[in-house]
Amino acid sequence: MASGIRYFVGNWKMFGISSSYKILENVNKFFKRDKKNKKKYKIIIAPPFTLLQDFYKRFKNKDINISAQNCYHKDNFGAFTGNISPFMIKQIGIKYIIIGHSENRIDGDTNKIIREKIIVALKNNLKIILCIGENKKEKKLRKTLKVLKNQISQVIKKRDDFKNITIAYEPIWSIGSGILPSTIELQKNIIILKKFLKHKYRLNYNPKLLYGGSVDKNSIKNFRSISELDGFLIGGASKSSKNFIDIIKNFYK
Ligand code: PGA
């Protein structure tokens with residue numbers, strides 16, 4: 001079963017300018033009025049670095065949480081042109097961070113680098129959303145679970161505080177493609193992964209697991225029945241308040 005409240009996480013990727021805060025204002029208004037369900041879920045939005053400080057200030061006393069999309073794998077300050085450390089993110093007041101997105105893995109984030117990011121993010125008390133996912137070929141060869149377990153084992157160690165880590169399962173072939181895993185297949189993978197995490201990291205509670213990949217107001221209906229899912233990582237559909245709100249509405253319909 002899902003371990004409590006659900007998470008609707010919007011990953012804006014390379015999108016947004018200063019006036020884009022209006023999108024979040026609309027989402028925040030909806031949340032405030034959603035008396036029936038608002039206690040059941042949390043909204044987290046990850047804008048680009050350029051908007052983090054402004055959005056954090058604007059929404060700090062509101063209901064929307066702000067997340068970073070990534071960080072550099074070294075902490076504090078240093079001679080790393082163009083990069084931002086978890087320490088600098090933490091200083092803004094931000095509590096959440098996405099790490100290991102497949103788009104960053106394509107750009108060069110290896111398991112070794114992702115491990116280092118996790119170490120420095122945890123050191124700064126950031127709550128991590130760690131993305132994992134198999135590609136099309138791996139799925140075809142029925143290697144999905146092997147790949148996912150390996151991606152987890154390589155970057156999370158037993159000594160890590162798992163309470164600050166949420167896994168987001170994002171099949172690479174589903175991101176931005178409109179292609180979805182079947183409900184049965186997804187449910188099976190989520191159940192197996194949760195068992196794996198509980199056993200491997202000796203957890204006496206249910207770890208949090210999100211799904212991401214082509215989640216929108218229509219596809220969300222396929223996921224409603226998967227009670228083991230703790231929420232969703234939403235890319236494209238999180239860039240419009242209407243689309244994002246419709247996802248939440250349709251989930252609780
Ligand atoms: P998508 O992206 O919702 O546009 O498929 C999801 C993600 O990359 O996190």
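On a predicted model such as this, the values are computed, not experimentally measured, just so you know.

Glancing now at the site of the ligand. N11, K13, H101, E170, I175, G176, G213, S214, L233, I234, G235 and G236 make up every residue found near the ligand. Within the contact set of the ligand, an oxygen atom lies 2.7 Å away from a backbone nitrogen or oxygen of G176. Within the backbone of G235, one N or O atom sits 2.8 Å away from an oxygen atom of the ligand. Burial of the ligand by the surrounding chains reaches 95%, relative to a free accessible area of 280 Å².

Taken in spatial order, the eight strands close into a barrel running 1-2-3-4-5-6-7-8, and their pairing is parallel. Going across the sheet, the axis of each strand differs from the next one's by a mean of 25°, ignoring polarity.

This paragraph deals with the packing of aromatic side chains. Under the counting rule described, the total for this entry stands at 17 aromatic pairs. Judged by centre distance (5.1 Å) and plane angle (80°), the ring pair of W12 and F15 falls under edge-to-face. W12 gets classed as buried once you look at its relative accessible area, which sits at 1%. Accessibility expressed as a relative area gives 28% for F15, which makes it partly exposed. These aromatic residues form a ring-pair network of at least three members: F8, F31, Y41, Y169, Y211, F223, F232, F251 and Y252.

Attention now goes to helix 10 (residues 241-251). Along helix 10, eight of the eleven residues are buried, which leaves the element largely enclosed by surrounding structure. Taken residue by residue, helix 10 has S241, F244, I245, D246, I247, I248, N250 and F251 as its buried positions.

Here is what the cut-offs are and how they apply
Residues numbered from 1 in each chain as written. Predicted model: local features only at pLDDT ≥ 70, side-chain atom pairs only at ≥ 80, totals over all residues. Heavy atoms only, no water. Near = heavy atom within 4 Å. Polar contact = N/O pair within 3.5 Å; in protein donor to acceptor, adjacent residues only side chain to side chain. Areas by Shrake-Rupley, 256 points an atom, 1.4 Å probe, with all protein chains shown as cover. Pairing = 2+ DSSP bridges. Helix = DSSP H or I, 4+ residues; strand = E, 2+ residues; numbered from the N terminus. Axes fitted to C-alpha atoms, helices over the stretch in contact; angles between N-to-C directions. Phe/Tyr/Trp six-rings, centres within 6.5 Å; stacked < 30°, edge-to-face > 60°. Buried < 20%, exposed > 50% of the residue type's maximum accessible area, 1.4 Å probe, protein only.

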